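# Commentary on secondary and tertiary structure
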Amino acid sequence: MSSSVLDRWEERLQDIFDGCPYDMLDAALADTIFKFPLDIKPFRDMIEGMRMDMRKSRYKNFQELYMYCYYVAGTVGLMSVPVMGIAPESMLSSWNIYNAALYLGIGNQLTNILRDVGEDAMRGRVYLPQDELAQFGLCDKNVFSRKVTEGWREFMKQQITRARFYFNMAEEGASQLDKASRWPVWSSLILYRKILDAIEENDYDNLTRRAYVGRAKKLLTLPLAYSRAFAAHV
């Protein structure tokens, strides 16, 4: 995708928020903006995340990687809250609930990155903090060699712990959404956690194997997600 395409997307985005959609797809978003209190910033930031992917394929540290995760996934959480709604009886501030949505997006993207390490490496991309790789005696060469070593396993344990931290941070806000919205959000939260479990079950081999949650496990997760969505008191 060229930068000119993204520039055009950004122009059309502004037109949508100004009430001047270009086509039927734009009109659908314009209608959503009319109905819900959406802000343009997360949409602009997502486009910026696409630009980042065009010019960057390495991340020096987690601070850089966090910003990438915000642009491409945290923004989805911020876009979603106004549509999903906050429960009228919620005792949490809207700021806390938006933060929880952001953290769910960050956790999801970190999980995507850990699941897709091998596939990304085949495209010459390493979405891992370079300084943390070095702490375990690792570098890009180890990623491209696709060999699971003890150092790799220890590194992956650290990365999985971090992703779980963001899921834990997201839980409270997920239970403060409007009742009709809680079940799908809790389903996402639990299913993505299970991808992390699958990486562990694969002995941290995400270089040659793709961790996934099978259909049966997904279906079995839905009742659990439902109970978590409605067991928590607002």
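These numbers were taken from a predicted model, which means no experiment stands behind them.

## Re the packing of helix 5 (residues 94–115) against helix 10 (residues 179–201)
- Relative orientation of the contacting elements helix 5 and helix 10 amounts to 30°, with a least axis distance of 10 Å. Viewed along their axes, helix 5 and helix 10 adopt a mutual orientation that is roughly parallel. In this structure, helix 5 crosses over helix 10, and the sense of that crossing is left-handed. Touching Leu104, Asn108, Thr111, Asn112, Leu114 and Arg115 of helix 5 are Val185, Ser188, Leu189, Tyr192, Ile195, Leu196 and Ile199, all from helix 10.

## Let's talk about the UniProt feature "transmembrane region" (unreviewed entry) in the protein
- According to UniProt, the positions carrying the feature "transmembrane region" (unreviewed entry) are residues 65–87.
- Between the first and last C-alpha atoms of residues 65–87 the distance is 32 Å; the span itself is 87% helix and 0% strand.

## Some details on the pattern of salt bridges
- Applying the stated criterion to the full structure yields 26 salt bridges.
- Note that Arg51 and Asp7 form a salt bridge whose closest N and O atoms lie 2.9 Å from each other. Highlighted residues: Arg51 in helix 3 (residues 41–55) and Asp7 in helix 1 (residues 3–17), separated in sequence by 44 residues.
- The class of Arg51 is buried, set by a relative accessible area of 16%.
- By relative accessible area, which is 36% here, Asp7 ends up partly exposed.
- In this structure, Asp31 engages Lys35 in a salt bridge whose closest nitrogen and oxygen atoms are separated by 3.1 Å. Of this pair, Asp31 and Lys35 both sit in helix 2 (residues 24–35), four residues apart, which is roughly one turn of that helix.
- Through salt bridges with shared partners, one network takes in Asp7, Glu10, Glu48, Arg51 and Arg55.

## Overview of the side chain of Asp205
- Within the element layout of this structure, Asp205 appears in the loop between helix 10 and helix 11 (215–231).
- There is a polar contact of 3.1 Å between the side chain of Asp205 and the backbone nitrogen of Leu207.
- Separated by 2.6 Å, the side chains of Asp205 and Thr208 make a polar contact.
- In this view, Asp205 contacts Val148 and Ile199; residues no more than four positions away in its chain are not counted.

## Comments concerning the confidence of the model for the protein
- For the protein, mean pLDDT is 95; residues scoring 70 or higher make up 99% of the total.
- Across the protein, helix 7 (residues 130–135) holds the top mean pLDDT of 98, while helix 11 sits lowest at 91.

## Concerning unusual backbone geometry
- One non-glycine residue, Arg146, lies in positive phi territory at about 60°.
- Along the polypeptide, Arg146 turns up in the loop between helix 8 (140–145) and helix 9 (150–174).
- Overall, the relative accessible area of 31% leaves Arg146 in the partly exposed class.

## A closer look at a nonpolar patch on the surface
- Together, Trp183, Leu219, Leu222, Tyr226 and Phe230 line one region of the surface with nonpolar side chains, adding up to about 450 Å² of accessible area.
- In terms of residue count, helix 11 provides more of the nonpolar patch than any other element does, four residues in total.
- Its place among the elements puts Phe230 in helix 11.
- Given the relative accessible area of 34%, Phe230 is considered partly exposed.

## Some details on the domain arrangement of the protein
- As assigned here, the protein comprises domain 1 (1–35) and domain 2 (40–231).
- Between the C-alpha centres of domain 1 and domain 2 the distance comes to 27 Å.
- Facing twelve residues of domain 1, the contacting portion of domain 2 comprises eight residues.
- Here domain 1 packs against domain 2, burying approximately 980 Å² in sum over the two surfaces, 73% of which is carbon and sulfur.
- Contact with domain 2 buries area across many residues of domain 1, yet Leu6, Glu10 and Leu13 alone supply 47% of it, more than any other trio.
- Remark: the boundary between domain 1 and domain 2 carries two salt bridges.
- A salt bridge links Arg51 to Glu10, with the nearest nitrogen and oxygen atoms 2.8 Å apart.
- Taken together, the links from domain 1 to domain 2 amount to three residue pairs in polar contact (both at pLDDT 80 or more).
- Among the elements that make up the side of domain 1 that touches domain 2, the one with the highest residue count is helix 1 (eight residues).
- Looking at the side of domain 1 that touches domain 2 residue by residue, the class counts come to six nonpolar, four polar and two charged.

Definitions and limits used
- Residues numbered from 1 in each chain as written.
- Predicted model: local features only at pLDDT ≥ 70, side-chain atom pairs only at ≥ 80, totals over all residues.
- Heavy atoms only, no water.
- Axes fitted to C-alpha atoms, helices over the stretch in contact; angles between N-to-C directions.
- Helix = DSSP H or I, 4+ residues; strand = E, 2+ residues; numbered from the N terminus.
- Parallel < 35°, antiparallel > 145°, perpendicular 65-115°, else oblique.
- Left-handed = near helix turned anticlockwise from the far one by under 90°.
- Contact = heavy atoms within 4.5 Å.
- UniProt positions renumbered as here; feature names shortened; annotations may be inferred.
- Salt bridge = Lys/Arg side-chain N within 4 Å of Asp/Glu carboxyl O.
- Buried < 20%, exposed > 50% of the residue type's maximum accessible area, 1.4 Å probe, protein only.
- Polar contact = N/O pair within 3.5 Å; in protein donor to acceptor, adjacent residues only side chain to side chain.
- pLDDT = per-residue confidence, 0-100.
- Patch = residues over 30% accessible without salt bridge, like charges linked within 9 Å, V, L, I, M, F, W, Y side chains within 5 Å.
- Areas by Shrake-Rupley, 256 points an atom, 1.4 Å probe, with all protein chains shown as cover.
- Domains from an automatic or database assignment.
- Buried area = accessible area lost by both parts, 1.4 Å probe.
- Nonpolar A, V, L, I, M, F, W, Y, C, P; charged D, E, K, R; others polar.

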